[in-house]
Amino acid sequence: MAERRAVFYYDFNSPYSYLAAERISSLFAEAGAQQPEWQPISFGHVLKQSGRRPWSFEEDKGADFAEIQRRASERGLPEVVYPDGWPIDNYSLNPVRAATYAKESGRVVSFSLAAFRQVFAAGRSLKEVENVLIAAAACELHPNAVLKGIETASVKARLQEATDGAIERGVEGVPTVAVGDELFWGDDRLEDAVRAAM
């Protein structure tokens, strides 16, 4: 029998991942389902493997921007803002490496929420390592430990393994919640994922 605990795959450059991150824990809690495992991955590597061009690379993003803001407003979140150069020029592996490091100490959820808010609530690029460290400080991770952690071979290897595992599982975009053999891609599929995890 396939593992039934949900796995939440995400990357910090995705505003839909931000929207999902802000509500996934409460959705699972309200349903009485086991909390999902939060698994940061490198979306850049997923795209390279799939050859897919995401909506955020298109010139006309107006409809998606409007939909993202509509969802944020409905959920009481701040106005969604985007860092300069988003989505390509501000992309970095440092935040997903830092989240991988945070996972070792049981702080992946608190770090990830702080990092998402740096990007989409404050419009700060996580390519700038000081913004990654602000998110780390918010969940009581020592800046020097995080700086050292994101450069260690073991953290890089774990991120690569997680990303490769997601690709092997069939993940093509973020956010995706995997429950057993089922994949639920998109912020609008979280309720389906919760039902599958029950």
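Provided above is the structure to which this section pertains.
Just so you know, these numbers come straight off a predicted model, no measurement behind them.

Would you take a moment to explain helix H7 (residues 129-138) for this structure?
In an α-helix there are 3.6 residues to a turn, and that puts residues three or four apart on one side. Residues of H7 that are buried: Asn131, Val132, Leu133, Ala135 and Ala136. On its buried side, H7 packs onto helix H5 (94-104), helix H6 (108-120) and helix H8 (143-149). Count one or two residues on from H7 and you reach Glu140, which has phi positive near 65°.

What exactly am I supposed to notice about the nonpolar core here?
If you look at the biggest cluster of nonpolar residues, it comprises 51 residues, and the most contacted ones within it are Phe12 and Phe111. The leading source of residues in this core is H6, at 8 residues. Residue contacts for Phe111: discarding those within four places in its chain leaves Phe12, Pro95, Ala98, Ala99, Ala102, Val132, Ala135, Ala136 and Cys139. Counting 11 residues, the second largest nonpolar core, distinct from the first, contains Ala162, Ala166, Val171 and Ala178.

Which parts of the structure should I look at to understand the side chain of Ser112?
Along the polypeptide, Ser112 turns up in helix H6. Among the residues examined, Ser112 registers a relative accessible area of 0% and is labelled buried. Not counting residues within four places of it along the chain, the set of residues in contact with Ser112 comprises Tyr10, Phe12, Trp38 and Ala99.

Any chance you could explain the pairing of strand E1 (residues 7-10) here in plain terms?
A regular strand places its side chains so that they alternate between the two faces of the sheet. Covered by surrounding structure in E1 are Val7 and Tyr9 together with Phe8 and Tyr10, the residues of both alternating faces. Two elements, E1 and strand E2 (residues 37-40), share 4 bridges in a ladder whose sense is parallel. Within the sheet, the bridge partner assigned to Phe8 lies in E2 and is Trp38. One ladder, built from 3 bridges, connects E1 with strand E3 (residues 176-179); its direction is antiparallel. Across the sheet, Val7 pairs through a bridge with Ala178, a residue of E3.

Help me understand unusual backbone geometry, please; the structure alone is not making it clear to me.
It is generally the case that most residues other than glycine have a negative phi and that most peptide bonds are trans. Look at the link from Trp86 to Pro87: it is a cis peptide, with omega at 5°. Relative to the helices and strands, Pro87 resides in the loop between helix H4 (62-74) and H5. Phi is positive for Glu140, which is not a glycine, with a value near 65°. With respect to the helices, strands and loops of the structure, Glu140 is situated in the loop between H7 and H8. You can call Glu140 exposed: its relative accessible area is 65%.

I'm lost on helix H10 (residues 190-197) in this one. Help?
All of the buried residues in H10 are Leu190, Ala193, Val194, Ala196 and Ala197. Down the axis of H10, the smallest arc covering the buried residues is 165°, so these residues share one side.

Explanation requested: the packing of aromatic side chains in the structure shown.
One pair of aromatic rings is described through two measures. These are the centre distance and the angle between the planes. Counted according to the given criterion, the structure contains 16 aromatic pairs. Relative to Trp38, the ring of Phe8 has its centre 5.0 Å away and its plane inclined at 90°; by these criteria the two rings are edge-to-face. In this pair, Phe8 is assigned in strand E1 and Trp38 in strand E2, connecting sequence segments 30 residues apart. For the pair shown, Phe8 and Trp38 are each scored as buried. With centroids separated by 4.6 Å and ring planes inclined at 40°, the aromatic side chains of Phe65 and Tyr82 adopt a geometry described as tilted. Of this pair, Phe65 sits in helix H4 while Tyr82 sits in the loop between H4 and H5; the two residues are 17 residues apart in sequence, bridging distant segments of the chain. Under the relative-accessibility criterion, Tyr82 is labelled partly exposed at 23%.

About the criteria used
Every residue gets a number counted from 1 within its own chain, in the order that chain's sequence is written. Only residues with pLDDT of at least 70 are given local features in this predicted model, and only at 80 or more are side-chain atom pairs given and counted; all residues enter the totals for whole chains, interfaces and linings. Calculation of side-chain values draws on the structure's entire complement of heavy atoms; hydrogens and water are dropped beforehand. Each residue is placed in one exposure class: buried if its accessible area under a 1.4 Å probe, protein chains only, is under 20% of its type's maximum, exposed if it is over 50%, and partly exposed if it falls in between. Labels follow the DSSP assignment, with helices taken as runs of H or I lasting at least four residues and strands as runs of E lasting at least two, numbered in each case from the N terminus. Note on contacts: a residue pair is in contact if any heavy atoms of the two residues lie within 4.5 Å. Take the buried Ala, Val, Leu, Ile, Met, Phe, Trp, Tyr and Cys residues and link them wherever side-chain atoms come within 4.5 Å; each set so joined is a nonpolar core. The pairing criterion is simple: DSSP has to find at least two bridges between the two strands. This arc describes the spread of directions from the helix axis toward the C-beta atoms. Aromatic pairs are defined between Phe, Tyr and Trp rings, using the six-membered ring for Trp, whenever the two ring centres lie within 6.5 Å; interplanar angles under 30 degrees are classed as stacked, those over 60 as edge-to-face, and all others as tilted.

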